[in-house]
Amino acid sequence: MCLQQNALAVRVSVEQGVLQGEQLTTVTKDATYYSFKGIPYAAPPVGKLRFQPPQPPARWKGIRNATQHGSICIQVDNISQEFLPCSEDCLFLNVYTPNMKPSSPLTVMLFIHGGGFMSGSGNDDFYGPDFFISQNIILITINYRLDAIGFLNLGSKEVSGNAGMKDQVAALKWVQLNIAHFGGNPKKVTIFGNSAGGISCLLHCISPMSKGLFNRAIAMSGVPLMDIGLEFESVRRGFNLGKIMGYETKNATALLEFLQSAPASQLLNTKPHVIIAEEYMNNLAKMYQFGPVAEGDFGQERYLTDAFVMSLVNGNINDNDIMIGYSNNEGLTGISYFEDYLIDVDNKYPELLNPRRFLYYISAKDYLPLSDDIKDYYFGAKPISLDTMKEYVNYRSDTVEYQSLRYMRDVYRAYSKKKFLYRFSGDTERNVYSMDKVRYGLTGAGQKDIEMYLFYANSLKLPINTDSESFGIIKQLTTLFANYAKFGNPTPDSSLGVTWNEYDAKKESYLDIGLKLTPGTHPEANVMKFWRKLYNKANTPFYHVGVIPPTE
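Every chain is numbered on its own, with residues counted from 1 as its sequence reads. The predicted nature of this model means local features are confined to residues of pLDDT at least 70 and side-chain atom pairs, given and counted, to a pLDDT of 80 or more, with totals for whole chains, interfaces and linings taken over all residues. Side-chain numbers here rest on the full set of heavy atoms in the structure, without hydrogens or water.

(A) Seen up close, the packing of helix H9 (residues 335-348) against helix H12 (residues 389-414). Here the axes come from fitting lines to C-alpha atoms, over the contacting stretch only for helices, and the angles between their N-to-C directions go from 0 to 180 degrees. Helix and strand definitions here come from DSSP, where helices need a minimum of 4 consecutive H or I residues and strands a minimum of 2 consecutive E residues; each element is numbered from the N-terminal end. Contact pair H9 / H12: the axes reach a minimum separation of 12 Å and the direction vectors enclose 90°. With respect to H12, the element H9 is oriented roughly perpendicular. Side by side, H9 and H12 meet where Ile335, Phe338, Glu339, Leu342, Ile343 and Asp346 of the first sit next to Met389, Tyr392, Val393 and Arg396 of the second. When the residues that make up the contact of H9 with H12 are grouped by side-chain class, the tally is 7 nonpolar, no polar and 3 charged. When an angle is under 35 degrees it counts as roughly parallel; over 145 it counts as roughly antiparallel; between 65 and 115 it counts as roughly perpendicular; any other value is oblique. Whether two residues are in contact is decided by their heavy atoms, any of which lying within 4.5 Å being enough. Amino acid classes used here: Ala, Val, Leu, Ile, Met, Phe, Trp, Tyr, Cys and Pro are nonpolar; Asp, Glu, Lys and Arg are charged; the rest, including Gly, are polar.

The structure is reproduced here in structure tokens:
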């Protein structure tokens, strides 16, 4: 129930008490909205609650100030490798609504940030709501536990993994209970995310814990097939964490007590490798140490009851509407990192060009010829060096595109509801994550560039010119996403001058989103052909569990 609102402040009653937010104006000065920040959706996961599933938030007395963000979750930034000002008490979300008392309840979109399950937050430093407000959408952004604190798995009832994913579920449950008080419709919730956030969205479409909490998902540049989404020996990795911290044991209960008593900062960015090759795989493009896992059954409520591929094969899915997409030159985002580290490493050890699952599940005798094929295809006789940055970026981009398109095909097989595929190609001054491309004369959109067209990043304060090409992309993109969230169809009428057809296995229809909206079919045909052939040559199914062959 809305209690009070005026030009400066607004109060609203939720399950835990009364919040006071504020009324703000969008950066384009064409709309106002109500902002509620730093809302606790779960109890602080500290002390004995470290590594545990989230617990319900406590009620508060009086009026809680909701004009400032809560603390971000404790983390080391995955780009700068800096320890950020943060806290374990971090399970907060932010609600931005254009209308507290609409004539009919508003559609809700909940954004899950990326960062390799290692860093990031939902704060408006990068995820301001301004561009969605004009679409008459309620936007929600969230924090969730990260790194070992969010994803430790000891293979026991006490710590079975996925605490960070269960945080996301708790946020979705909070939305179901409370969003009507902000003018929202709990029956029309779309989740969306980029990179690890995209992986999260698609896992929610499988998780039994997430069933009924949302009806649509958008996965941007992130699917569970990607190298960073691959689980490998997560229990062994958890015990190795204790070992490198000076506590070696095979007893999960004893290790839990040790890790719960350790300073939280010591649990971050620890790199508890389980095989020597991970010393070189541990990078932004290949792997992060901790992430979602299939949980063993210890009588607890499990986020994932099986590997994602088995859930698809067995039909253990929630059957949401799904949209999957990628950028047309994904690898552009990592150029400075490639320069500083990966170019030299991959030239010295070209077997690292292989998908990470190859390095785990087939022998060196088998995967070395495959790395030769990759190097020949992308570099020919040239060495991997700064002089072949264009080729290296193409290689990095193609791996993401192939994995996204492969997962789209499997989604088509498994899901009966609506499915859409896009490619983002916007390339303007807003592509801040791929600015390094100018040094090499490259063009296109890198992995995170799409975010600058969906959100206003207050920390960057990019100028807004409503007559610019970049603002045209903002309007197109947010309209497509908002239409999808509202109607299940990104182009429900002729207002955008294009029809975005649903994906099917025969035509593989997609929409290219750039300065123009261009429908197409059979995207990245050559990329698909090469990588499919490579997996076949490996004599290994695309999925290491060995249930779906890579041939179509």
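From this point, things continue past the structure.
(B) Representation of the pairing of strand S12 (residues 419-424) in the model. Only protein chains enter the accessibility calculation, which uses a 1.4 Å probe; a residue whose area is less than 20% of its type maximum is buried, one above 50% is exposed, and one in between is partly exposed. Counting buried residues along S12, 6 of its 6 residues qualify, which places the element largely inside the surrounding structure. Side chains of S12 alternate between two faces, with Lys419, Leu421 and Arg423 and Phe420, Tyr422 and Phe424 buried alike. Strands were regarded as paired on the criterion that DSSP finds at least two bridges between them. Relative to S12, strand S11 (residues 321-327) runs parallel, the two sharing 6 bridges. Pairing of Ser327 across the sheet is with Phe424, part of S12. Judged from the 3 bridges that link them, S12 and strand S13 (residues 510-513) form a sheet pairing that is parallel. If you follow Phe424 over to S13, its bridge partner there is Ile513.

(C) Local environment of helix H11 (residues 364-379). Spanning 16 residues, H11 covers 21 Å between terminal C-alpha atoms, matching the ideal 22 Å at 1.5 Å per step. Taken residue by residue, H11 has Tyr367, Leu370, Ser371, Ile374, Lys375, Tyr378 and Phe379 as its buried positions. Summarising the axial view, the buried residues of H11 lie within an arc of 145°, below the 170-degree limit, and thus occupy one face. Where H11 is buried, its residues touch helix H10 (356-361), H12 and helix H15 (525-537). Gly380, located one to two residues past H11, shows a positive phi value of around 60°. Every helix has an expected span of 1.5 Å times one less than the residues it contains. An arc is given here, and it is the one of the directions from the helix axis to the C-beta atoms.

(D) Quick peek at unusual backbone geometry. Not every positive phi belongs to a glycine, and Ser195 is a case in point at roughly 60°. Considering the arrangement of structural elements, one finds Ser195 in the loop between strand S9 (184-194) and helix H4 (196-204).

(E) Structural detail: the nonpolar core. Within this scheme, the nonpolar core is defined by two criteria: the residues are buried Ala, Val, Leu, Ile, Met, Phe, Trp, Tyr or Cys, and they are joined through side-chain atoms within 4.5 Å. Phe36, Val95, Ile140, Phe182, Tyr407 and Trp531 are the most contacted members of the largest nonpolar core, which totals 131 residues. Ranked by residues supplied to this core, first place goes to H12 with 10 residues. Judged by nonpolar contacts, the second largest core, of 38 residues, contains Tyr33, Met323, Tyr422 and Val498.

(F) Region of the structure containing empty space enclosed by the protein. Throughout, the protein atoms alone are placed on a 1 Å grid, and a set of points is a cavity if a 1.4 Å probe fits but cannot get out or a pocket if it is open with protein on both sides within 12 Å along at least five of seven lines; lining residues have an atom within 4 Å of a point. Grid points are joined across faces, edges and corners, and a volume is the space filled by probe spheres set on the points. Scanning the entire structure with this criterion turns up 4 cavities of 30 Å³ or more. In this structure, the largest cavity spans a volume of roughly 140 Å³. Along the wall of the largest cavity there are 15 residues; nearest its centre are Leu230, Glu231, Gln289, Phe290 and Gly291. Across the lining of the largest cavity, the residue classes break down as 8 nonpolar, 4 polar and 3 charged. In this structure, the second largest cavity occupies an estimated 60 Å³ of space. Elements that contribute at least two residues to the lining of the second largest cavity include exactly helix H1 (130-133) and helix H14 (469-487). Per-element tally for the lining of the second largest cavity: the top contributor is H14, with 4 residues. Looking at side-chain class alone, the lining of the second largest cavity contains 3 nonpolar, 4 polar and 3 charged residues.

(G) Broad picture of the state of the cysteines. Our working definition of a disulfide is a cysteine sulfur pair at a distance within 2.5 Å. Following the criterion strictly, the structure yields 1 disulfide and no others. The disulfide partner of Cys73 is Cys90, and the gap between their sulfur atoms is 2.1 Å. Taking the sign of the torsion about the S-S bond as the criterion, the disulfide between Cys73 and Cys90, at about 85°, is right-handed. Remark: Cys90 occurs in the loop between strand S5 (63-65) and strand S6 (92-97) and Cys73 occurs in the loop between S5 and S6; sequence separation between them is 17 residues. Here Cys73 matches Cys90 in class, with each residue buried. Left unpaired, Cys201 is separated from the closest cysteine sulfur, that of Cys205, by 7.3 Å.

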